[in-house]
Amino acid sequence: MNSFKIILFLCNWGPHAAFQELQDKRADIPAEIKMIRIPCSGRINKSLLFKPFEMGADGVLLIGCSPGSCRYGSGTDIATRSTEDTRQILELLGLKKERLQLNTFLPDEPDALLQFLKNFCEEIKAIGHSPVPSEKQEHKTEESASLAEIISSHDIYACQDCGKCTSACPLTLSGKPFSPRALAGSIIAGDIESPSVQEGIWSCLTCGLCYDRCPSAVNFPDFIQNMRIFFKNKDKNGHESHGGFFQSLMRTMTSPAVNTKRWEILPEDIRIDPDSKTLFFGGCAPYFDKYFNHNLGVSISNTNMDSLRLLNFFDIVPSVLSNERCCGHDLLWTGDLDNFKILAGLNIDAMKNLGIEQVITTCPECYRTLSHDYPEHGIDVPFKVTHMYDILETEISKGAVEFKETGKKITFQDSCRLSRFAGRADLPRKLLQRLKPDIFKEMPETGSAAICCGNTGWTGCDSHSKALQAKRLRQARATGSDLLITSCPKCQIHLKCAMQDPFLGNELSMDVMDLTSMIAKTIYWK
Amino acid sequence: MADINNTIATTTEVVITGFGGQGIILAGRIIGKAAALRDGKESTLVQSYGPESRGGACSAQVVISDKTIHYPYIRRPDVLVCMSQSGYEKYIDDIKDSTLLLIDEDLVHPGNIKIDFFAIPATRMAEEIGRKMMANIIMTGFFTAISQKISLAAAKDTVAESVPKGTEALNIKAFSKGYDFGLALLKGREKKAAGKIGAIA
Ligand code: SF4
Ligand code: SF4
Ligand code: SF4
């Protein structure tokens, strides 16, 4: 009943022979260990390594072949990297990295294997149960709106069939057989099971360009969000990228006993006041940094650190939420309304307990989610939500500060959540105007008309979204700039990912920096 | 220079100088009224008229004191506010080591002087809010923040009642711009003194 649960991913080749020998000998393999036979330790990616933890496992073992004996050559190396990154994420989550371990054994090492399994079991028992329950409390799944209700509440019937949405949609323009107009039409016709509808629902970037153009003000991204909730309630799976790792991570955070450690390590120069009623909300940056550690080398957390430094620069010393959870944006936009609401509730309760009066955030998704989606979904937000750029604009316009020359030719990638959804395209530009670039040149499509970075909510990443990213990066390079400034951490991740296309070589590569960091680097007291 | 004795130390002598038409006298009147009618002090105002008012140098002399003021003319100002180069040149030789010097940085170029000064682009800021003639109100806000000789509440209320009807809100905005700039400047100096010039250590 209250026994420990340990998952063992065991490579088919070398170590499985050793394990089999233990079984043949009826050796006392700890009963807590559930073995899953796998083709190669390198095939167990981060989402698979993490999934058991979402489901309440107390420990996970990945056992592969000893270095040099991997049948496929690179398996052990890949497993080493995936395990290392996932362990760091467990640490950030407050689950402790010791719960996940990688080891390698040769076929003739059964005794060593047995000893290792026993030691691991003891270690897990010493750490204790995972704060994530293995049986999820059955919370009431809210009856999702019926198809007819979704269609009428979004006034899809107002569609005039003009096709402006399709002709603006960056996915369509990338050559994907995808049309928001046709998708809306099929859904109205009740044709929701067809492959094109199923594919379309999860492919839409929810970038909102179509909504911007629609003469009938059909809010297509919002409609898509509701359709995804509708399908998720029917147990239809989405097309989550990275094997659903991020959604899995966020669902893990819905366990009230999880105590994250994402704010544990702060650079020494940053001042925090635990009693301040102004709170800085950081978002998922540290998890992204760890996840992409070996692939993109991104450092999204720098944006948060530079935000805090800038607040300190202006003598604003905020608090942070020691047990901060993800805002839930990506769960909401992939249809998991229930878990979104749980996350939102936990975050809001924690902030209520601290008596928070104002929340500052630099992430456009957190900003959108806290300020708009929480109230929209019936979650009371008892504080003011302010975007970091508003604080910066107010403080800088008081005067007495200057900016060092950047020595860069700059162009700018808009965030859909800030520039289009919140209608604040002017806000980053006011700040950009204050910087001293050698040249600032906009791309052809900018502001509320800007093209998407290629992904939202970690879903539907495919060759077409890639083509659209390549198009965007080519636009950026064509401005003659040597630095692409971004305002959303995700834009930075997805665009940097696209730059790595092996077939295009360096054709798309470009330096990328967040606007907040650029300001932090150049601002000074006059 | 001989030190001033204690009885006079509670007195502040302010000279505001600029061109005619910049609202120099109004700025002086606001400062004096704020001190006398709202902060409960004594104050006097002497205005320079004559040929100066037609675009030439123009000045307001304001004395603020806890005691009755017997002599309203100023020879060595405690605070000198300059909104024109000619005004600056006329008064700069009268300053003391302790004089607080405030200038409009686009209109006054101090060159080599022995004392520190506080600069604000008041006229440029006024142009930014679309009312060049409100540079004096911006300067009044700046004066309030830097000198601490009149209270913020007194200054604001006096601005509101001294400007033409219907322009109160905009004038308060102008005042706040100058005041905020002053506070930011003081904050920046404090940070610089502590060696924290930029945001990244
Ligand atoms: S939200 Fe964006 S990706 Fe989705 S249909 Fe509209 S324009 Fe296309
Ligand atoms: S732009 Fe609006 S009205 Fe036109 S086809 Fe698309 S949804 Fe219909
Ligand atoms: S663009 Fe790259 S980082 Fe973004 S979802 Fe796709 S694969 Fe992941």
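Residues numbered from 1 in each chain as written. Chains lettered and ligands numbered in written order. Predicted model: local features only at pLDDT ≥ 70, side-chain atom pairs only at ≥ 80, totals over all residues. Heavy atoms only, no water.

Our focus in this paragraph is unusual backbone geometry. All names here are of chain A. Positive phi values are uncommon outside glycine, yet alanine 400 reaches one of about 70 degrees. Owing to a relative accessible area of 2%, alanine 400 belongs among the buried residues under this scheme. Even without being glycine, tryptophan 458 reaches a positive phi, approximately 55 degrees. Here tryptophan 458 is to be found in the loop between β11 (439-440) and α21 (463-478). Under the relative-accessibility criterion, tryptophan 458 is labelled buried at 1%. (Buried < 20%, exposed > 50% of the residue type's maximum accessible area, 1.4 Å probe, protein only. Helix = DSSP H or I, 4+ residues; strand = E, 2+ residues; numbered from the N terminus.)

A few words now on a negative patch on the surface. Taken together, the side chains of Glu405, Asp438, Asp482 and Asp511 of chain A define an acidic patch exposed on the protein surface. As for its position among the elements, aspartate 511 of chain A is in strand β13 (residues 511-514). (Patch = residues over 30% accessible without salt bridge, like charges linked within 9 Å, V, L, I, M, F, W, Y side chains within 5 Å. Areas by Shrake-Rupley, 256 points an atom, 1.4 Å probe, with all protein chains shown as cover. Salt bridge = Lys/Arg side-chain N within 4 Å of Asp/Glu carboxyl O. Lys, Arg positive; Asp, Glu negative; His and termini not counted. Charge placed at Lys NZ, Arg CZ, Asp CG, Glu CD.)

Right, let's talk about the sheet that holds strand β7 (residues 358-361) of chain A for a bit. All names here are of chain A. Read from one edge of the open sheet, 4 strands run β6-β5-β7-β8, paired in parallel fashion. At either end of the open sheet lies a strand with only one pairing partner, and these are β6 (319-320) and β8 (384-387). Sheet strands touched by helix α18 (residues 388-397): β7 and β8. Its angle to β8, the strand with the most contacts, is close to 70 degrees. (Pairing = 2+ DSSP bridges. Contact = heavy atoms within 4.5 Å. Axes fitted to C-alpha atoms, helices over the stretch in contact; angles between N-to-C directions.)

On to the side chain of asparagine 136 of chain B. All names here are of chain B. Among the secondary structure elements, asparagine 136 is positioned in helix α5 (residues 135-147). The class of asparagine 136 is buried, set by a relative accessible area of 4%. From its side chain, asparagine 136 meets the backbone oxygen of glycine 23 in a polar contact 3.0 Å long. Sequence-distant contacts of asparagine 136, defined by excluding residues within four places in its chain, comprise Gln22, Gly23, Leu26, Ala27 and Met83. (Polar contact = N/O pair within 3.5 Å; in protein donor to acceptor, adjacent residues only side chain to side chain.)

For the rest of this paragraph, the subject is helix α12 (residues 245-252) of chain A. Residue and element names in this part refer to chain A. Burial of α12 is extensive: 8 of the 8 residues sit out of reach of the surface. For α12, the set of buried residues is Phe245, Phe246, Gln247, Ser248, Leu249, Met250, Arg251 and Thr252. Structurally, α12 contributes buried residues whose contacts are with α2 (46-54), α3 (75-93), α13 (285-291), α15 (329-332) and α16 (337-353).

This brings us to the site of ligand 2. Surrounding ligand 2, one finds Cys159, Gln160, Asp161, Cys162, Gly163, Lys164, Cys165, Arg181, Cys214, Pro215, Ser216 and Val218 of chain A. The residue inventory of the shell around ligand 2, partitioned by class, reads 6 nonpolar, 3 polar and 3 charged. (Near = heavy atom within 4 Å. Nonpolar A, V, L, I, M, F, W, Y, C, P; charged D, E, K, R; others polar.)

Here the focus is the pairing of strand β12 (residues 483-486) of chain A. Residue and element names in this part refer to chain A. Burial along β12 is two-sided: the face carrying Leu483 and Ile485 and the face carrying Leu484 and Thr486 are both buried. Bridge count between strand β10 (residues 409-413) and β12: 4 bridges; the pairing is parallel. Paired with glutamine 413 across the two strands is threonine 486, which belongs to β12. Pairing geometry for β12 and β13, over 4 bridges, is parallel. Within β13, the position partnered with isoleucine 485 by the bridge is methionine 513. With helix α22 (residues 489-499) bridging β12 and the parallel β13, this β-α-β connection has right-handed handedness. (Right-handed = clockwise from strand over helix to strand, strands pointing away.)

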